[in-house]
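Fold and geometry: a report
Chain residues, written in single-letter form:
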Amino acid sequence: MLEYPGLVLTDQVLVERPTTFPYVPGLLSFREVPALLEALGQLPAAPDLILCDGHGYAHPRRFGLACHLGLWLDTPTIGVAKSRLTGSHDEPGPGEGRCRRPRERLGAVLRTRERVKPVFVSAGHRISLRTALALTLACATRYRLPEPTRLADKLSKAHRSGR
DNA sequence: GCGACAG
DNA sequence: ATCTTGTCGC
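This structure is a prediction, so every number in the text was calculated from the model and none was measured.

What follows deals with the pairing of strand S2 (residues 77-81). Burial analysis of S2 places five of its five residues in the buried class, which makes it a mostly covered element. Here S2 shows a buried face lined by Thr77, Gly79 and Ala81 and a second buried face lined by Ile78 and Val80. Note: strand S1 (residues 50-52) against S2, three bridges, orientation parallel. By the bridge assignment for S2, Leu51 is matched with Ile78. Between the parallel elements S1 and S2, the chain passes through helix H2 (residues 65-73) in a crossover that is right-handed. Pairing geometry for S2 and strand S4 (residues 119-123), over four bridges, is antiparallel.

Taken in spatial order, the four strands of this open sheet run S1-S2-S4-S3, and their pairing is mixed. A strand with exactly one partner marks an edge of an open sheet, and here the two such strands are S1 and strand S3 (108-110). Each adjacent strand pair in this sheet contributes to an overall mean axis angle of 30 degrees, direction not counted.

What follows is about the protein's contact with DNA strand B. With respect to spatial proximity, 16 residues lie near DNA strand B, and among them Tyr23, Gly26, Lys82, Ser83 and Arg84 are the closest. Here DNA strand B approaches the protein such that, of its atoms within 4 Å, sugar and phosphate make up 51%. With respect to DNA strand B, the backbone of Leu28 contributes an N or O atom lying 3.2 Å from a base nitrogen. Between DNA strand B and the protein, one listed contact pairs a base nitrogen with a side-chain N or O atom of His59 at 3.3 Å. In the surface near DNA strand B, the residues fall into seven nonpolar, six polar and three charged.

Reading guide: rules and limits
- Residues numbered from 1 in each chain as written.
- Chains lettered and ligands numbered in written order.
- Predicted model: local features only at pLDDT ≥ 70, side-chain atom pairs only at ≥ 80, totals over all residues.
- Heavy atoms only, no water.
- Buried < 20%, exposed > 50% of the residue type's maximum accessible area, 1.4 Å probe, protein only.
- Helix = DSSP H or I, 4+ residues; strand = E, 2+ residues; numbered from the N terminus.
- Pairing = 2+ DSSP bridges.
- Right-handed = clockwise from strand over helix to strand, strands pointing away.
- Axes fitted to C-alpha atoms, helices over the stretch in contact; angles between N-to-C directions.
- Near = heavy atom within 4 Å.
- Polar contact = N/O pair within 3.5 Å; in protein donor to acceptor, adjacent residues only side chain to side chain.
- Nonpolar A, V, L, I, M, F, W, Y, C, P; charged D, E, K, R; others polar.

Following this line, the structure appears as structure tokens:
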């Protein structure tokens, strides 16, 4: 857990659980949320916002992991995925004046740092895409991924290598 | 039928 | 996600 806007790390908990559900595109929540709930329950205080490693609204059923976790906890969440699951971007036609007019906006493709591969931001629970974008960018300092996600990933990696 | 497919 | 050699840039 980090404080905002300082992004100073205040708490960190780590849980290790066996998986009980396989990885199936579109059903990531069923694999990840159980462990996430356990970890969040061990924090000394409930966070005001959660940046999720996965999509929120940008999901085939418009209900990705960020939405699922956020609704369960009734806590604001943002989906910040490293790759696309559904939807498309770019490619307006070659002709002058051509532009894309999506029937539905799923999220945004955000380049958090110069020349780095962009991340896919979408609204999770109780937040607008606009605010989700602003907060994600505000949490991305020196790396591609926002600090909360990057530090959590680092913690899990360190845990594994130490065995 | 074929391609796509968060982590 | 994980595996895995070499490579690029600060």
